[in-house]
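Structure assessment
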Amino acid sequence: SLFLQFAAAVMRRPWKVEIFLFATELKRVTRSWVHQSWTELKSMIPDCGGGTRIGACLTSFIHDYGDALLGTRTIVVVLSDGLETGEPAQLASAMEQLRRRSHAVVWLNPLLHLEGYEPRAGGIAAALKYVDLFAPAHDVPSLWELLRQVRMLTSRGRGSLMRQLKRQEDSDLGTRRLAGVNGR
């Protein structure tokens, strides 16, 4: 699948990458990611395809892995449509903690490229105020664009990526569908 190929390419970079999947429970799949098919990975996730409890899963991540994996050099990337079946308040709380404990939070939404899509569902709406970069993830070019943005982010201080992307969007006159959030 597209995301397996992308993750394999990212993991060849000199960055430390940890990969977790979730639906209603969080599962660390870093070691399995490159070697298993998407079908095999999905079978490791309870209730995959039956709704997502993003807030509960991110809270579990923070509790179980936060001290070891979060820090001032960490860029947290969430890939989700933001359709939360749990409480949006729990998602907002988890996102606030992630934002406070990391360098940046990037949310990739596979629906963002769709004409007319608006992130109004309770989960994504609650999360966006803690997101540094809200971007599409629907094809190979959008994923390579993400890598370019992450490179820019890692070479600059907190917040400078959003200012640079805003200048770029202004100069592109909106030809790119990249949604910066909160001006960080």
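Below you will find a few notes about this structure. Within every chain, residues take consecutive numbers counted from 1 along the sequence as written. Per-residue local features of the predicted model are confined to residues with pLDDT of at least 70, and side-chain atom pairs are confined, for both listing and counting, to 80 or more; whole-chain, interface and lining totals are unaffected and use all residues. Excluded from the side-chain calculation are hydrogens and water; included are all heavy atoms of the structure.

Now for the overall build of the chain. Helix and strand counts for the chain come out as eight helices and six strands. Ordering the α and β elements of the chain from the N terminus gives α-β-β-α-α-α-β-α-β-α-β-α-α-β. Residue exposure (1.4 Å probe, protein chains only): buried if accessible area is under 20% of the type maximum, exposed if over 50%, otherwise partly exposed. In the chain, which comprises 184 residues, the share counted as buried stands at 45%. Residue contacts are counted whenever heavy atoms from the two residues lie within 4.5 Å of one another. Within the chain, contacts between residues separated by at least 24 positions form 71% of all contacts whose residues are at least 6 apart in sequence. The secondary structure listing takes helices from DSSP runs of H or I that are at least 4 residues long and strands from runs of E that are at least 2 residues long, numbered from the N terminus.

Further remarks concern the pattern of salt bridges. Salt bridges, as used here, are contacts in which a Lys or Arg side-chain nitrogen is within 4 Å of a carboxyl oxygen on Asp or Glu. Under the definition given, this model contains four salt bridges. Its salt-bridge partner being Asp-67, residue Arg-101 comes within 2.9 Å of it at the nearest N-O pair. Placement of the pair is Arg-101 in helix H5 (residues 88-101) and Asp-67 in helix H4 (residues 54-69), with a sequence separation of 34 residues. Using a relative accessible area of 26% as the deciding quantity, one classes Arg-101 as partly exposed. The residue Arg-99 makes a salt bridge to Asp-132 at a minimum N-O spacing of 3.0 Å. Here the residue Arg-99 occupies a position in helix H5, and Asp-132 occupies one in the loop between helix H6 (122-127) and strand S5 (133-136), the gap between them amounting to 33 residues. Asp-132 matches Arg-99 in its accessibility class, with the two residues each being buried.

Examined against the element boundaries, Thr-59 turns out to sit in helix H4. Looking at Thr-59, the relative accessible area reads 30%, which means it is partly exposed. Measuring from C-alpha to C-alpha, the distance between Thr-59 and Gln-97 comes to 8.8 Å, with 38 residues separating the pair along the chain. For Thr-59, the residues in contact, after removing those within four places along its chain, are Gln-90 and Ala-94.

Within this scheme, the nonpolar core is defined by two criteria: the residues are buried Ala, Val, Leu, Ile, Met, Phe, Trp, Tyr or Cys, and they are joined through side-chain atoms within 4.5 Å. Ranked by internal contacts, the top residues of the largest apolar core, which has 27 residues, are Met-95, Leu-98 and Trp-107. The set of elements that each furnish at least two residues to this core consists of strand S1 (20-22), H4, strand S3 (75-79), H5, strand S4 (104-109) and H6. For this core, the element with the highest residue contribution is H4, accounting for six residues. With eleven residues, the next largest nonpolar core counts Val-106, Ala-137, Leu-146 and Leu-153 among its residues.

One fewer than the residue count of a helix, multiplied by 1.5 Å, yields its expected span. The end-to-end C-alpha distance of helix H7 (residues 140-154), which contains 15 residues, comes to 21 Å, matching closely the 21 Å that a straight helix rising 1.5 Å per residue would cover. All buried positions along H7 are accounted for by Ser-142, Leu-143, Glu-145, Leu-146, Leu-147, Gln-149, Val-150, Met-152 and Leu-153.

With that settled, the discussion passes to the environment of Arg-148. By secondary structure assignment, the location of Arg-148 is in helix H7. Reaching out from Arg-148, the side chain makes a polar contact with the side chain of Glu-145 at a distance of 2.5 Å. In the analysis that follows, any N or O atom pair within 3.5 Å is treated as a polar contact, provided that within protein one partner can donate a hydrogen and the other can accept it, and provided that, for residues neighboring in sequence, both atoms belong to side chains.

Time to look at the pairing of S3. Whether two strands pair comes down to DSSP finding at least two bridges between them. Across five bridges, S3 lies against S4 in parallel orientation. When the bridges of S4 are listed, Ile-75 appears paired with Ala-104. The handedness of the S3 to S4 crossover, carried by H5, is right-handed. Handedness of a crossover is defined as follows: with both strands directed away from the viewer, a clockwise route from the first strand across the helix to the second makes it right-handed.

The two faces of the sheet receive side chains in turn, since in a regular strand these alternate between them. Of all six residues in S4, six are buried, a share of seventy percent or more. Burial along S4 is two-sided: the face carrying Ala-104, Val-106 and Leu-108 and the face carrying Val-105, Trp-107 and Asn-109 are both buried. As paired strands, S4 and S5 are joined by four bridges and run parallel to one another. For Val-106, the partnering residue across the bridge sits in S5 and is Leu-133. Traced from S4 through H6 to S5, the parallel crossover comes out right-handed.

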